[in-house]
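Residue-level listing of the chains:
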Amino acid sequence: MINQVILVGRLVQDPVIKEVTGGKNVCEVKVALSRPFKNNQNQYDTDFIKVVFWEYLAINVNEFCKKGSIIGIKARLQSRSTKINDVFVDLIEVVGENIVFIGKPTKKVETKIETNDADISIQELQENPL
């Protein structure tokens, strides 16, 4: 059996990380995906797919992505049942298992490099190579 979904699209909004019962991190994002064909009005339609990331993936998405970021996602489909207005409803979720950040990073990651003389950041190295 194969349960695998591959998506490449843009984030519709900034990711928000939450901590759920048990201390696990979760981040739900909505990804805009353009269809590869035109509709009856000769325009491309866009689908908006919700993807759920857990633990370290949730932290990375929250830290390195923002609205408009292009990301590649390897995911699986997962079904669950929930009660809405006293009625049980079956839901299908897209659960992210891996992510590829496409394009420029959205957050400056300050990493210090130890040298004999002083600490310098990666940004300083890029601006003034040794």
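Residues numbered from 1 in each chain as written. Predicted model: local features only at pLDDT ≥ 70, side-chain atom pairs only at ≥ 80, totals over all residues. Heavy atoms only, no water.

### With respect to the side chain of Glu93
Reasoning step 1: Along the polypeptide, Glu93 turns up in strand E6 (residues 87–102).
Reasoning step 2: Those residues within four positions of Glu93 in sequence are excluded, and the remaining contacts are Val52, Arg76, Leu77, Gln78 and Arg80. (Helix = DSSP H or I, 4+ residues; strand = E, 2+ residues; numbered from the N terminus. Contact = heavy atoms within 4.5 Å.)

### Digging into a nonpolar patch on the surface
Reasoning step 1: Together, Val8, Val100 and Ile102 make up an exposed nonpolar region whose accessible area comes to about 250 Å².
Reasoning step 2: Structurally, the position occupied by Val100 is in strand E6.
Reasoning step 3: For Val100, a relative accessible area of 48% puts it in the partly exposed group. (Patch = residues over 30% accessible without salt bridge, like charges linked within 9 Å, V, L, I, M, F, W, Y side chains within 5 Å. Areas by Shrake-Rupley, 256 points an atom, 1.4 Å probe, with all protein chains shown as cover. Salt bridge = Lys/Arg side-chain N within 4 Å of Asp/Glu carboxyl O. Buried < 20%, exposed > 50% of the residue type's maximum accessible area, 1.4 Å probe, protein only.)

### Observations regarding the nonpolar core
Reasoning step 1: Core analysis: the largest hydrophobic core is formed by 18 residues, its most contacted members being Val29, Val31, Val51, Phe53 and Ile73.
Reasoning step 2: Counting only elements with at least two residues in this core, the list comes to strand E1 (5–11), strand E3 (25–38), strand E4 (44–54), helix H1 (55–64), strand E5 (70–84) and E6.
Reasoning step 3: The dominant element in this core, judged by the number of residues it contributes, is E3, at 4 residues.
Reasoning step 4: Val29 has contacts with Leu11, Pro15, Ile49, Lys50, Val51, Phe53 and Val61, leaving out every residue within four places of it along the chain. (Core = buried A, V, L, I, M, F, W, Y, C linked by side-chain atoms within 4.5 Å.)

### Considering the pattern of salt bridges
Reasoning step 1: In the structure shown here, the tally under the stated rule is 6 salt bridges.
Reasoning step 2: Close ionic contact of Glu28 with Lys50 constitutes a salt bridge, the shortest N to O distance being 3.9 Å. Residue Glu28 is found in strand E3, and its partner Lys50 is found in strand E4; the two are separated by 22 residues along the sequence.
Reasoning step 3: Taking the relative accessible area as the measure of exposure, Glu28 reaches 39% and is therefore partly exposed.
Reasoning step 4: One salt bridge connects Glu97 with Lys74, and the closest N-O pair in it is separated by 3.5 Å. Of this pair, Glu97 sits in strand E6 while Lys74 sits in strand E5, and the two are 23 residues apart along the sequence.
Reasoning step 5: Where salt bridges share partners, they join Arg35, Asp45 and Asp47 into one cluster.

### Comments concerning the confidence of the model for the protein
Reasoning step 1: With 79% of its residues at a pLDDT of at least 70, the protein reaches an overall mean of 82.
Reasoning step 2: The least confident element of the protein is strand E7 (residues 112–114), whose mean pLDDT is 42; the most confident is E4, at 94.
Reasoning step 3: Below a pLDDT of 50 lies the segment residues 108–123, which in the model reaches 18 contacts outside its immediate sequence neighbourhood of four places, other chains included. (pLDDT = per-residue confidence, 0-100.)

### So, the pairing of E6
Reasoning step 1: Here E4 runs beside E6; their pairing, made up of 2 bridges, is parallel. If you follow Val52 over to E6, its bridge partner there is Val95.
Reasoning step 2: Note that E5 and E6 share 15 bridges and pair antiparallel. Considered in E6, the bridge of Lys83 is made with Phe88.
Reasoning step 3: What sits between the antiparallel neighbours E5 and E6 is a turn of 2 residues, in which Asn85 has the positive phi angle 55 degrees. (Pairing = 2+ DSSP bridges.)

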